[in-house]
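What follows is the residue order along each chain.
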Amino acid sequence: MADFDDERIASLTQRKKTATLDRFLTFAGLALAGASAFFPWYVFFNADKFGINVATSSNSRELPDWPARNVFSVSPLAMVNKNEATKKAPPVDPLTTATVSDLGKQRDGGAMLEDQPFPGKSSFRLLHVSNGRALIEDPSGMYVVRIGSVLPDESRLAMIEQREGKWVIITSKGDIYKND
């Protein structure tokens, strides 16, 4: 009978340990659930502690609000060398076009050099003019240019002027782009 009592006591002790462990796990689970429900609200109301710190900067994509300046002369960088004596031979066409050039062949008793422009017209357009700068756009993006800047068609910006109430830019090649 003593053996039976010892087994019974051991069984009761084991049940008490299991019940205590079950209670502890239940309370720990409830505490974890409560903390999980409360934490997002804590972060929401204390965003300055958890937010991303972005460095302040004065950089702006807008043009500065400077007074407009009149353009009186063309920049030396936009000047085109019209001296034919220093003209170099055109560069080799890097595109495979399946055509044969007649450069170097004799025509009318003399060698003939031809300019080989890139096929097609440049596709940039004038969007806005402000403070001596122009905003242009081509398929690869938007650019702010000023006199002397290289344009997408490999020319330079020679002049910015207003004609009949609309802004136009004139390139070193003599092309005129109007603000639509």
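For the structure, check the block above.
Read on for an overview of the structure. (Residues numbered from 1 in each chain as written. Predicted model: local features only at pLDDT ≥ 70, side-chain atom pairs only at ≥ 80, totals over all residues. Heavy atoms only, no water.)

## Topic: the side chain of Asp153
Our working rule: We count a stretch as a helix when DSSP gives it H or I for four or more residues in a row; a strand needs E for two or more, and each element gets its number in order from the N terminus. The classification of residues rests on relative accessible area computed with a 1.4 Å probe and restricted to protein chains. Under 20% of the type maximum is buried, over 50% is exposed, and intermediate values are partly exposed. In this tally, Asp and Glu contribute negative charge and Lys and Arg positive charge; neither His nor the terminal groups of the chain are included. What makes a salt bridge here is a side-chain nitrogen of Lys or Arg within 4 Å of a carboxyl oxygen of Asp or Glu, nothing more. Nitrogen and oxygen atoms within 3.5 Å of one another constitute a polar contact, given that in protein one can donate a hydrogen and the other can accept it, and given that sequence-neighbouring residues count only through two side-chain atoms.
Relative to the elements of secondary structure, Asp153 occurs in the loop between strand E5 (141–145) and strand E6 (157–163). No salt bridge is formed by the buried Asp153; the nearest opposite charge belongs to Lys173, separated by 4.8 Å. Of the polar contacts made by the side chain of Asp153, one reaches the side chain of Ser155; its length is 2.6 Å.

## A word on the packing of aromatic side chains
For the record, the criterion: Here is the rule: rings of Phe, Tyr and Trp (six-membered ring for Trp) pair when centre to centre is within 6.5 Å. Planes less than 30 degrees apart are stacked, more than 60 are edge-to-face, and the remainder are tilted.
Per the stated rule, a full pass over the model turns up five aromatic pairs. Ring geometry for Phe38 against Tyr42: centres 6.2 Å apart, planes inclined by 35°, an arrangement best described as tilted. On the criterion of helical spacing, the pair formed by Phe38 and Tyr42 is a turn pair, its members being four residues apart in helix H1 (residues 2–45). Assessed through its relative accessible area of 55%, Phe38 is described here as exposed. Measuring from centroid to centroid gives 5.1 Å for Phe44 and Phe45, while their planes differ by 75°, and the two rings are edge-to-face. Judged on exposure class, the residue Phe44 and its partner Phe45 are both exposed.

## Considering the sheet that holds E5
Worth spelling out the cut-off: When DSSP finds two or more bridges between two strands, those strands count as paired. Axis definition: a line fitted to C-alpha atoms, limited for helices to the stretch in contact. Angles are taken between N-to-C directions and run from 0 to 180 degrees.
Strand order across the open sheet formed by three strands is E3-E4-E5, with antiparallel pairing between neighbours. Whereas interior strands pair on both sides, the edge strands pair on one side only; in this sheet they are strand E3 (125–130) and E5. Neighbour-to-neighbour, the strand axes of the sheet open up by a mean angle of 20°, direction not taken into account. Where strand E4 (residues 133–138) lies against E5, five bridges are found, and the strand directions are antiparallel. Bridge assignment links Ala134 to a residue of E5, and that residue is Val145.

## Focus on the sheet that holds strand E7 (residues 166–171)
Strand order across the open sheet formed by three strands is E6-E7-E8, with antiparallel pairing between neighbours. Each of the sheet's edge strands pairs with one partner strand only, and the pair in question is E6 and strand E8 (176–178). On average, adjacent strands in this sheet sit at an angle of 25° to one another, irrespective of strand direction. Of the pairings in the sheet, the one linking E6 to E7 comprises six bridges and is antiparallel in character. Across the sheet, Gln162 pairs through a bridge with Trp167, a residue of E7.

## Structural notes on the nonpolar core
Quick reminder of the rule: In this text, buried Ala, Val, Leu, Ile, Met, Phe, Trp, Tyr and Cys residues form a nonpolar core when linked through side-chain atoms within 4.5 Å.
If you look at the biggest cluster of nonpolar residues, it comprises eleven residues: Phe124, Leu126, Val129, Ala134, Ile136, Val145, Leu151, Leu157, Ile160, Ile169 and Tyr177. At the level of secondary structure, the elements contributing two or more residues to this core comprise E3, E4 and E6.

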